Amino acid sequence: MRDFTLKSYRSLLHALLQAGYRFLTFEEFLSQPKEAKTIVLRHDVDELAWNALEIARLENEMGVKATYYFRIVKQSNVPEVIVEIVSLGHEIGYHYEDLVLADGDEKKALDTFESHLAYFRNYYPVKTVSMHGSSSSKYDNRLLWKNHGLSDYGLLGEPYLSIDFNQVFYMTDTGFAWDGGKYAARDVVENGFDMKFHSTSQVVRCVERGDFPEHAMILAHTLWTDNLLQWYGLHIREFFRNNLKLIAKRNRFIGNLYGKMVKWYWKK
Ligand SMILES: [Zn+2]
């Protein structure tokens, strides 16, 4: 059976609901007293914004709230989609990459961060942000916080800075697998849980057995689709892209070339 479809996503949410988990937006998770069995569903909308809307509708149908992080680039920043996801009751945040866009210039990055954040606040009173991994760049977007605090911008949290991943289990769908972490350059976290999944059905079985952790943040990107053509197309693309990333990590020439390609592709 094909995994990473809306159907398999629904089965995951269904299992968690059946097992008595409550779904909180990241903002709620940070601002409410800790309760038993909570899940934060986080969606980094790197691209394919319309897929995010389909996920948001599915969640809304199931009575579940999630947090959507949008980038400033046009593949992610689609006003119609943002407006509709807000109206479905989800949280919106900014998926920032300002330090990379500013080629490491901290002052410039803080300026654009502020104006991009103000832009997204036209749609929603944004209280949380998450960094974009920018795996092909030498800059780490998180270094924006080297000399500044989130509260300087009226923000409550950033997943990588505000969560203790020894307390909260973290899983993400890198490269169409829940254990594809080797392809990610930065958006990886060390955690204290001895738990690994490959397919969504493995996660579902674990939840059904009652072995899934009390608290989890589940990061799902926008590659989940029921459209057969898009599903195959994305699998082929991810296969080549992930292998290119691995080669780029080892070979500087290929790495630079790949970095240039990525920069060109995401140009606003
Ligand atoms: Zn991202």
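Residues numbered from 1 in each chain as written. Predicted model: local features only at pLDDT ≥ 70, side-chain atom pairs only at ≥ 80, totals over all residues.

1. Topic: the nonpolar core
Among the nonpolar cores identified, the biggest contains 57 residues, and I39, A52, Y68, F70, I85, M217 and I218 are the most heavily contacted of them. When residues in this core are grouped by element, the largest group, five residues, is from helix α3 (residues 49-61). Contact partners of M217, with chain neighbours within four places excluded, come to V40, R42, P159, I163, V168 and Y170. (Core = buried A, V, L, I, M, F, W, Y, C linked by C-beta atoms within 7 Å. Buried ≥ 20, exposed ≤ 12 C-beta atoms within 10 Å, placed from the backbone. Helix = DSSP H or I, 4+ residues; strand = E, 2+ residues; numbered from the N terminus. Contact = placed C-beta atoms within 7 Å.)

2. Quick notes on helix α8 (residues 200-209)
Listed in full, the buried residues belonging to α8 are T200, V203, V204 and V207. Seen end-on, α8 carries its buried residues on one side only, within an arc spanning 100°. On its buried side, α8 packs onto α1 (6-18). (Arc of directions from axis to C-beta.)

3. Quick look at the environment of S130
Its place among the elements puts S130 in strand β5 (residues 129-131). For S130, a count of 23 C-beta atoms within 10 Å corresponds to the buried category. Note: C-alpha distance between S130 and L143 (13 residues apart in sequence) is 13 Å. Dropping the residues within four chain positions of it, S130 is found in contact with D44, Y69, G93, H95, E158 and P159.

4. Thoughts on α1
Compared with the 18 Å implied by 1.5 Å per residue over 13 residues, the 18 Å span of α1 between its first and last C-alpha is a close match. The set of residues buried in α1 consists of Y9, L13 and L16. Axial view of α1: buried residues confined to an arc of 60°, hence all on one face. Buried-residue contacts for α1 involve β2 (38-45), α3 and α8. Just beyond α1, the residue with positive phi is G20, at close to 90°. (Expected span 1.5 Å × (residues − 1).)

5. Side note on unusual backbone geometry
Of all residues except glycine, most have a negative phi; of all peptide bonds, most are trans. For F4, which is not glycine, the phi torsion reads 60° and is therefore positive. Structurally, the position occupied by F4 is in the segment before α1. Phi at L48 is positive, roughly 50°, even though this residue is not glycine.

6. Here we look at the pairing of strand β4 (residues 91-96)
Within β4, six of the six residues are buried, leaving the element largely enclosed by the surrounding structure. Relative to β4, strand β3 (residues 67-70) runs parallel, the two sharing four bridges. In the sheet register, Y69 faces β4, and the bridge partner there is G93. Relative to β5, β4 runs parallel, the two sharing three bridges. Residue pairing for β5: Y94 is matched across the bridge by V129. (Pairing = 2+ DSSP bridges.)

7. Side note on the packing of α1 against α8
Taken N-terminus to C-terminus, the directions of α1 and α8 make an angle of 10°; their axes are 9 Å apart at the nearest point. Considering the angle they form, α1 stands roughly parallel to α8. When α1 is examined against α8, the residues S8, S11, L12, A15 and L16 are found in contact with a partner set consisting of T200, V203, V204, V207 and E208. Residue composition of the contact of α1 with α8, by class: six nonpolar, three polar and one charged. (Axes fitted to C-alpha atoms, helices over the stretch in contact; angles between N-to-C directions. Parallel < 35°, antiparallel > 145°, perpendicular 65-115°, else oblique. Nonpolar A, V, L, I, M, F, W, Y, C, P; charged D, E, K, R; others polar.)

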